[in-house]
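Reading the structure
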Amino acid sequence: MKSLSMPHPRDDCSTPCSLADTDILSSAESTSSDSSLRSQPWPLKFQIPEFSYEVQFQLEQGNQAFLNNGTLLHPSTKLKSDILQSLASEMAKYKIYPSSAEFDNVAEALITKYPCLKEKGSVTGYYGWKISLKYKMANYRTRLRNIGCQELTINSVKEKRSGMGPGPNQVKKPRKAEVNFCPDYPPGETKESLEEERKALLLEVKKKNNDQLIKRKMEKTFAYRRQEIIKGMPFIAEVKNRWPALFSETEVILTNFVIASHFHKNLYLKKNKVL
């Protein structure tokens, strides 16, 4: 089943699933109105969010002074913290674990929009901002983990000690082009209710001419399936047994389309030095 980006099963079906290479989310799933999934990959050009009125006022004043006489703004500890917090929150809409190049994207976008924040003596003008942003993002991840964000709790010390998580030096996180790595359940859904949906799927795959119903149920159970595969790392035979619709012709074709789309997007990003 290479088209599903899974390891090819041996005859004994004992090959375990790759923890990050299964069940790619389609664009149709990502735009589901009843889901908390991310709907967009990392943008080609990062847009700096609108800050609070207080922060915006100080930055606009700083920009005006920079335009008038080239004076750089030396933000107070609170102002800098507020800026970094807003940026971290905006970045989390796309990625919880941004790459070094993506931190560069954000820091460069910040001083481009607000040149008064450029750093004197820095080759890039934003190196200090990049480092501060990395620390702020790490703190933001801790906050999200503490309130139960599944994408982060799988890497908690508690999970690792219980044997359910990765090794102490391993971090489960998205690879390139993975928009939703380990999403939370849709609002109003529980593990029990989604398990009932899974059981209903087992009956639906045996029927004919109900592709749309299967598609809707697959979308609804995406988070449940993702968490099961990432946390449990089941063998392919078990995944086939529990989620036969994932291996249907329709899902395989859809997955190949998504993989091809992500591949060409990554080529474009690399060509334009975004990655």
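Everything in this summary refers to the structure shown in the same document.

Right, let's talk about the overall build of the chain for a bit. A tally of regular secondary structure across the chain gives 12 helices and zero strands. Looking at the chain as a whole, 43% of its 275 residues qualify as buried. When contacts within the chain are restricted to residue pairs at least 6 apart in sequence, those whose partners lie at least 24 apart make up 70%. Of the roughly 15,500 Å² of accessible surface on the chain, a fraction of 54% belongs to carbon and sulfur atoms.

Here we take up the packing of helix α3 (residues 77-91) against helix α4 (residues 100-113). For the pair α3 and α4, interaxial distance at closest approach is 12 Å and the crossing angle is 130 degrees. Here α4 runs oblique to α3, going by the angle between their axes. Every pair of crossing elements has a handedness; the one defined by α3 and α4 is right-handed. Two secondary-structure elements touch here, α3 through Ile83, Leu87 and Met91 and α4 through Phe103, Val106 and Leu110. Residue composition of the contact of α3 with α4, by class: six nonpolar, no polar and no charged.

So, about the packing of aromatic side chains. Taken as a whole and assessed by the stated rule, the structure comprises seven aromatic pairs. Ring geometry for Phe46 versus Tyr94: centroids 6.3 Å apart, planes at 70 degrees, classification edge-to-face. Taken as a pair, Phe46 in the loop between α1 (27-30) and α2 (53-69) and Tyr94 in the loop between α3 and α4 lie far apart in primary sequence, 48 residues in all. Overall, Phe46 belongs to the buried group, its relative accessible area being 6%. Directly above the aromatic system of Phe247 lies the positively charged group of Lys240, at a separation of 5.6 Å from the ring centroid.

Attention shifts here to the nonpolar core. Grouped together as the largest cluster of nonpolar side chains are 32 residues, with contacts concentrated most on Phe51, Ile83 and Leu110. Contributions of two or more residues to this core are made by α2, α3, α4 and α5 (127-146). Listed in part, the 11 residues of the second largest apolar core include Leu194, Met218, Trp243 and Ala245.

To continue, consider the side chain of Asn63. Within the fold, Asn63 resides in helix α2. A relative accessible area of 14% means that Asn63 is categorised as buried. Setting aside chain neighbours within four positions, we find Asn63 in contact with Lys113, Tyr114, Pro115 and Cys116.

Let us look at α4. Here α4 contains 14 residues, and its C-alpha end-to-end distance of 20 Å stays within 8% of the 20 Å for a straight helix at 1.5 Å per residue. Turning to α4, its buried residues number three or more, namely Glu102, Phe103, Asn105, Val106, Ala107, Ala109, Leu110 and Ile111. For α4, the elements touching its buried residues are α3 and α5.

What follows is about the environment of Tyr114. Relative to the helices and strands, Tyr114 resides in the loop between α4 and α5. Separated by 48 residues in sequence, Tyr114 and Phe66 have C-alpha atoms that sit 9.3 Å apart. When near neighbours in sequence (up to four residues on either side) are disregarded, Tyr114 contacts Ile48, Phe51, Gln56, Leu59 and Asn63. Within the structure, Tyr114 has its side chain in polar contact with the side chain of Gln56 (distance 2.5 Å).

Cut-offs used in this document
Residues numbered from 1 in each chain as written. Predicted model: local features only at pLDDT ≥ 70, side-chain atom pairs only at ≥ 80, totals over all residues. Heavy atoms only, no water. Helix = DSSP H or I, 4+ residues; strand = E, 2+ residues; numbered from the N terminus. Buried < 20%, exposed > 50% of the residue type's maximum accessible area, 1.4 Å probe, protein only. Contact = heavy atoms within 4.5 Å. Areas by Shrake-Rupley, 256 points an atom, 1.4 Å probe, with all protein chains shown as cover. Axes fitted to C-alpha atoms, helices over the stretch in contact; angles between N-to-C directions. Parallel < 35°, antiparallel > 145°, perpendicular 65-115°, else oblique. Left-handed = near helix turned anticlockwise from the far one by under 90°. Nonpolar A, V, L, I, M, F, W, Y, C, P; charged D, E, K, R; others polar. Phe/Tyr/Trp six-rings, centres within 6.5 Å; stacked < 30°, edge-to-face > 60°. Lys NZ or Arg CZ within 6 Å of the ring centre and 35° of its normal. Core = buried A, V, L, I, M, F, W, Y, C linked by side-chain atoms within 4.5 Å. Expected span 1.5 Å × (residues − 1). Polar contact = N/O pair within 3.5 Å; in protein donor to acceptor, adjacent residues only side chain to side chain.

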